[in-house]
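Chain by chain, the residues:
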Protein chains: 2
Amino acid sequence: MSRALLTDHYELTMVQAALRSGAAARRTVFEVFARHLPGGRRYGVVAGTGRVLEALENFRFGDEELAFLRDNRVVDAPTLDFLAGYRFSGDLYGYREGECYFPGSPILTVEGTFAEAVLLETVLLSILNHDCAIATAASRMVRAAGSRPLIEMGSRRTHEVAAVAAARAAYLSGFAFTSNLMAGHLYGVPTAGTAAHAFTLLHDSERHAFQAQIDSLGEGTTLLVDTYDVAEAVRAGVELAGPDLGAVRLDSGDLAEVAHAVRGQLDSLGADKTRILVTSDLDEYAIAALSAAPVDAYGVGTSLVTGSGVPTAALVYKLVAREDAEGIVQPVAKRSVGKPSRGGRKNAFRQLDPAGTALTELVTVSGDRPADSRPLQVELVRGGEVVGREELEAARLRHRETVAELPAEAHQLSRGYAAIPTVFD
Amino acid sequence: MSRALLTDHYELTMVQAALRSGAAARRTVFEVFARHLPGGRRYGVVAGTGRVLEALENFRFGDEELAFLRDNRVVDAPTLDFLAGYRFSGDLYGYREGECYFPGSPILTVEGTFAEAVLLETVLLSILNHDCAIATAASRMVRAAGSRPLIEMGSRRTHEVAAVAAARAAYLSGFAFTSNLMAGHLYGVPTAGTAAHAFTLLHDSERHAFQAQIDSLGEGTTLLVDTYDVAEAVRAGVELAGPDLGAVRLDSGDLAEVAHAVRGQLDSLGADKTRILVTSDLDEYAIAALSAAPVDAYGVGTSLVTGSGVPTAALVYKLVAREDAEGIVQPVAKRSVGKPSRGGRKNAFRQLDPAGTALTELVTVSGDRPADSRPLQVELVRGGEVVGREELEAARLRHRETVAELPAEAHQLSRGYAAIPTVFD
């Protein structure tokens, strides 16, 4: 599907007016950054860059799109001609997926003519605002879960296509599985699942249901044990599957209390290897609160796909430099009240102390790399060709490494300020 | 695109186990309802049903989907065979789009075999949870705006495809326009736009930018006037476009104060018909707070597409009845702690007082229609064929009518209880 109409009306009318004034062809630099980290987050996680590159390659105005624009008089004939031939031929630089970011970090830099670059604003921000918000929430949950695996199961709580991107972002941040099959198909995220209450209710008794599940899926399956009476269900499960029953899932009640009781019961039945999976409105706080409970894995739904209170990342796409009448590229910035912008194309470096702990995010117009720092931007697109594609697994590994670099205060779950300061120079 | 993989892993493994136990062919009834209205909303708005019908027609397991499931051993060979032939052949009943709903309202009822009906759970809930949440937030904003039009411009703040559904839901609830071109293309939602700060910064001066916009888009255009100095920009705008300048947009600062100043300035320049559009993190509370300010239209972004604090509608899909071993359809319900469910297939009626004001939501297993009530469910799918399709405009009109039926307390913006009680019988 072409992504070209996943775009705000005004991007096209601005192109029309700029084609008429001649400014459409001016070279420009746009940057994507966050003025702040919403929700008092201590860091953000870059996610969606891989999807940005896909969208860029599918950003074409075909006959269907052009007919819509013509029939609805969105733009004039010269603009339709321009759009018909549209291919992004500029350059993209950006932070790698999985990298952490802070207020002002230039996570994506777009260089091209005004007409070429402004058209991408909406779809780029849509992707990054969604995916970064989910990945950031996921990263907090992964940290709260310690060594216990997390299963993403929030598809039903968000838009059906957003769910696929959410599963991808969660995996990038360290989730182990998703319930979403499309995320498995498109992105290779491992998929997993248990059973629903409907499956138990469908059968004549809970024992019939458990037997059916074990017959078909093996003793290593996960039985949902809270449809009627938990203790009775656990007893029936171990009786039917034997002590090698894979896991039981708890989806209601005081999870810590129930988990303790179930662990005791399982152990007393000889099923000491049977794991306990808990679900039911978990977020990073609930996960942390269960750290002392005998829980082996967490399933997270609503709070993951809604960014745990922060469903969008507050990223903006701002013109920071453009060619003037003499052909010189000049920094520009608006002066709107309360919305600070800094002109000029930026470079970004993470400065580390000798132990490898992040100290500052240095954002500089000069471009000089300071000592003891790591450059944060890489080339993603050169002359319209994607050169920065990478595997999701690589991004997942990078996230684990870069989040480990952050100072301890980055992992406080309470609201606060960014874990390291951003220094502009 | 097939929607079949927009599905949780466990739906398919439950089908596998039920095919093996023989229960897959049992006739079942599933209902979609909300246990509560999250965020202390006074009512919910049904949205997404039209998209549910589309998804149902595109829910097919083709070669690509089956290969993924086979290669990843998600299900066994008999289940793959079943999925290859999958067509929903059952019936759907539900509330019409635009209708209001309350806790327990059975907004969608799915009747079919277990295997046919359970597979639809994920995609149906994804669509309805997203679209209902957005439509509900939008309805509050429309009410807060009174007779002033609202423009939806949140695409960049949500997943790129979710943005299209959000624009559709906002229009259904009474928004006048969207910035999202795909929503215009797919659903006929009127599109609109203004200009961004980047357009002003692109040019050598604000006057050059305004002149370019007026030359291309006409004097009826909307000029963004807060890039540098608002008063200077308004003066330049009227000077260049004349007193028939369409509108100015304010996107920063204390909007009420700035709107008063700009209105005074416009009037003094003879541009008394030039409208004032305000944007910048508006939600229903900010819109209400601007009711005394000289504002002509509101642009709403982030808070619309994120459901203004409630990004998902808490709708669930529950088995309420199924065929037993004797072929009799019996009500069923789980007993999980704190998650009340009521067995049996329900009918729903809105009871009205003589003046036409809603009094109660009657949800009844008996199916008898009480006096002075309006039946809320219609047939949407019969034997797998869609019979309940309708135009988005019809849903939009219905919403205006049904929201007008609610008692005054429905329109309090504060958190509270449902505006009318749900009575189960």
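An unreviewed UniProt entry lists chain A under the name Nicotinate phosphoribosyltransferase, with Streptosporangium brasiliense as the source organism. According to the UniProt record, the Pathway (unreviewed entry) comment for chain A reads "Cofactor biosynthesis; NAD(+) biosynthesis; nicotinate D-ribonucleotide from nicotinate: step 1/1."

(A) Quick peek at the sheet that holds strand 14 (residues 347-352) of chain B. All names here are of chain B. Taken together, four strands build an open sheet; the order of strands is 16-14-15-19 and the sheet is mixed. Each end of this open sheet is capped by a strand with a single partner; those strands are strand 16 (373-375) and strand 19 (422-424). Strand after strand, the sheet turns through a mean of 25 degrees between neighbouring axes, direction not considered. Of the strand pairs in this sheet, strand 15 (residues 358-364) and strand 19 are connected by three bridges, and their pairing is parallel. When the bridges of strand 19 are listed, L362 appears paired with V423.

(B) Broad picture of the sheet that holds strand 17 (residues 377-382) of chain A. Residues and elements named next belong to chain A. The strand order across the open sheet formed by seven strands is 13-12-1-5-3-17-18, and the pairing between neighbours is antiparallel. Two strands bound the open sheet, and with one partner strand each, they are strand 13 (329-331) and strand 18 (385-386). Contacts between helix 2 (residues 49-57) and the sheet are confined to strand 3 (91-95), strand 5 (108-113), strand 17 and strand 18, with strand 17 contributing the most and set at about 15 degrees to the helix. Contacts between helix 6 (residues 121-145) and the sheet are confined to strand 1 (27-34), strand 5 and strand 12 (315-323), with strand 12 contributing the most and set at about 140 degrees to the helix.

(C) Inspection of the pattern of salt bridges at higher detail. Residue and element names in this part refer to chain A. Applying the stated criterion across every chain yields a total of 48 salt bridges over all chains. The partner of R263 in a salt bridge is D296, and the shortest N-O contact between them spans 3.8 Å. Of this pair, R263 sits in helix 12 (residues 255-268) while D296 sits in the loop between helix 13 (284-289) and strand 11 (297-300), placing them 33 residues apart in sequence. Look at R263 and you get buried, because its relative accessible area is 14%. Accessibility expressed as a relative area gives 28% for D296, which makes it partly exposed. Residue E379 pairs with R382 through a salt bridge whose shortest N-O separation is 2.9 Å. Via salt bridges that share partners, E99, R350, E361, R374 and E405 belong to a single interconnected network.

(D) View of unusual backbone geometry. Although it is not a glycine, S308 of chain A sits at a positive phi angle of roughly 45 degrees. By secondary structure assignment, the location of S308 of chain A is in the loop between helix 14 (302-305) and strand 12.

(E) Broad picture of the domain arrangement of chain A. Residue and element names in this part refer to chain A. If you check the domain split of chain A, you get domain 1 (9-134 + 310-424) and domain 2 (145-307). Just the C-alpha atoms count here: the centres of domain 1 and domain 2 sit 38 Å apart. Counting from both sides, the interface comprises 22 residues of domain 1 and, opposite them, 20 residues of domain 2. A combined buried area of about 1,700 Å² lies between domain 1 and domain 2, and 58% of that area is made up of carbon and sulfur atoms.

(F) Quick peek at the UniProt feature "domain: Quinolinate phosphoribosyl transferase C-terminal" (unreviewed entry) in chain A. Under the local residue numbering, the UniProt record ascribes the feature "domain: Quinolinate phosphoribosyl transferase C-terminal" (unreviewed entry) to residues 134-302 of chain A. Helix and strand shares over residues 134-302 of chain A are 48% and 12% respectively, and the end C-alpha atoms of the span are 11 Å apart.

(G) Representation of the interface of chain B and chain A within the structure. Across the boundary between the two partners, chain B contributes 97 residues, which contact 97 residues of chain A. When chain B packs against chain A, close to 8,000 Å² is buried across both sides, 61% of that on carbon and sulfur atoms. When the buried surface of chain B facing chain A is broken down by residue, R156, L181 and L202 of chain B rank first, second and third, together holding 11% of it. The interface formed by chain B and chain A holds 10 salt bridges in total. Scanning the region where chain B abuts chain A turns up 52 residue pairs in polar contact (both at pLDDT 80 or more). Considering each element in turn, the side of chain B that touches chain A owes the most residues, 11 residues, to helix 1 (residues 9-21) of chain B.

How each quantity is defined
Residues numbered from 1 in each chain as written. Chains lettered and ligands numbered in written order. Predicted model: local features only at pLDDT ≥ 70, side-chain atom pairs only at ≥ 80, totals over all residues. Heavy atoms only, no water. UniProt positions renumbered as here; feature names shortened; annotations may be inferred. Pairing = 2+ DSSP bridges. Helix = DSSP H or I, 4+ residues; strand = E, 2+ residues; numbered from the N terminus. Axes fitted to C-alpha atoms, helices over the stretch in contact; angles between N-to-C directions. Contact = heavy atoms within 4.5 Å. Salt bridge = Lys/Arg side-chain N within 4 Å of Asp/Glu carboxyl O. Buried < 20%, exposed > 50% of the residue type's maximum accessible area, 1.4 Å probe, protein only. Domains from an automatic or database assignment. Buried area = accessible area lost by both parts, 1.4 Å probe. Polar contact = N/O pair within 3.5 Å; in protein donor to acceptor, adjacent residues only side chain to side chain.

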